[in-house]
Amino acid sequence: MEKEGCIFCKIIEKKNPSKIVFENGEIVAFDDIRPQAPVHIMVIPKYHIEKVSDLTDENISLIGRLVLVAKNIAKEKGIQESGYRIVINCNKDAGQEVYHLHLHLLGGRKFVWPPG
Ligand code: AMP
Ligand code: ZN
């Protein structure tokens, strides 16, 4: 999907409403519109990249910083000790709906393993 039709790019550009919980020059985090847990936050790069399978060596440090942002939000939301899950869906079998790379930060309830 191109950047032009991308819902998450619109959120980054503040052309689509969202509840932003963190933002810096590179990363935005906001509440998921259809939360699957008491805490369900999208952590995304401002740079439009579709999916994990498009990542290259150049993106390694970005991925690290996305995970660190998720970890910091988990602490702020009080789920650090109880636990949380960070999920990245890639392509259709994983159920990827939005083709702008995102981490799901999920917590506040117990999750099953293996995932459905
Ligand atoms: P995925 O299946 O990994 O692509 O997940 C996409 C996520 O984006 C889903 O959990 C959706 O609920 C969420 N989502 C889609 N549109 C919006 C939006 N406008 N604001 C916030 N979250 C959204
Ligand atoms: Zn995008």
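Preceding this paragraph is the structure being described.
Residues numbered from 1 in each chain as written. Chains lettered and ligands numbered in written order. Predicted model: local features only at pLDDT ≥ 70, side-chain atom pairs only at ≥ 80, totals over all residues. Heavy atoms only, no water.

Caption draft 1: Layout of the coordination of the zinc ion (ligand 2). C6 (SG), C9 (SG), H48 (ND1) and H100 (ND1) make up the full set of protein donors to the zinc ion (ligand 2), lying at 2.0 to 2.3 Å. For the zinc ion (ligand 2), the four donor atoms in the first shell make angles of 102 to 116° at the metal, a pattern classed as tetrahedral. Mapped onto the polypeptide sequence, the residues donating to the zinc ion (ligand 2) form the spacing pattern C-x2-C-x38-H-x51-H. Remark: H100 occurs in the loop between β4 (84-87) and β5 (103-107) and H48 occurs in the loop between β3 (39-45) and α2 (60-76); sequence separation between them is 52 residues. One exposure class covers both H48 and H100, and it is buried. (Donors = N, O, S within 2.8 Å, 3.2 Å for Na, K, Ca; no water. Tetrahedral: all angles 85-135°; square planar, octahedral: opposite > 155°, others 65-115°. Helix = DSSP H or I, 4+ residues; strand = E, 2+ residues; numbered from the N terminus. Buried < 20%, exposed > 50% of the residue type's maximum accessible area, 1.4 Å probe, protein only.)

Caption draft 2: Representation of the nonpolar core within the structure. If you look at the biggest cluster of nonpolar residues, it comprises 16 residues, and the most contacted ones within it are I41, V43, L66 and I73. Put simply, the parts of the chain that give this core at least two residues each are β2 (27-31), β3, α2 and β5. Sequence-distant contacts of L66, that is, excluding residues within four places in its chain, are made with I27, V43, I44, P45, L101 and L103. Counting residues in hydrophobic clusters, the runner-up holds ten residues, among them C6, I11, I12 and M42. (Core = buried A, V, L, I, M, F, W, Y, C linked by side-chain atoms within 4.5 Å. Contact = heavy atoms within 4.5 Å.)

Caption draft 3: Region of interest: the pattern of salt bridges. Following the criterion strictly, the structure yields nine salt bridges and no others. Where E23 meets K46, a salt bridge forms, and the shortest distance between an N and an O atom there is 2.9 Å. A residue pair is termed long-range when its members are at least 10 positions apart, and E23 in strand β1 (residues 20-23) and K46 in the loop between β3 and α2 qualify at 23 residues. Through salt bridges with shared partners, a single ionic network connects K3, E13 and K15. (Salt bridge = Lys/Arg side-chain N within 4 Å of Asp/Glu carboxyl O.)

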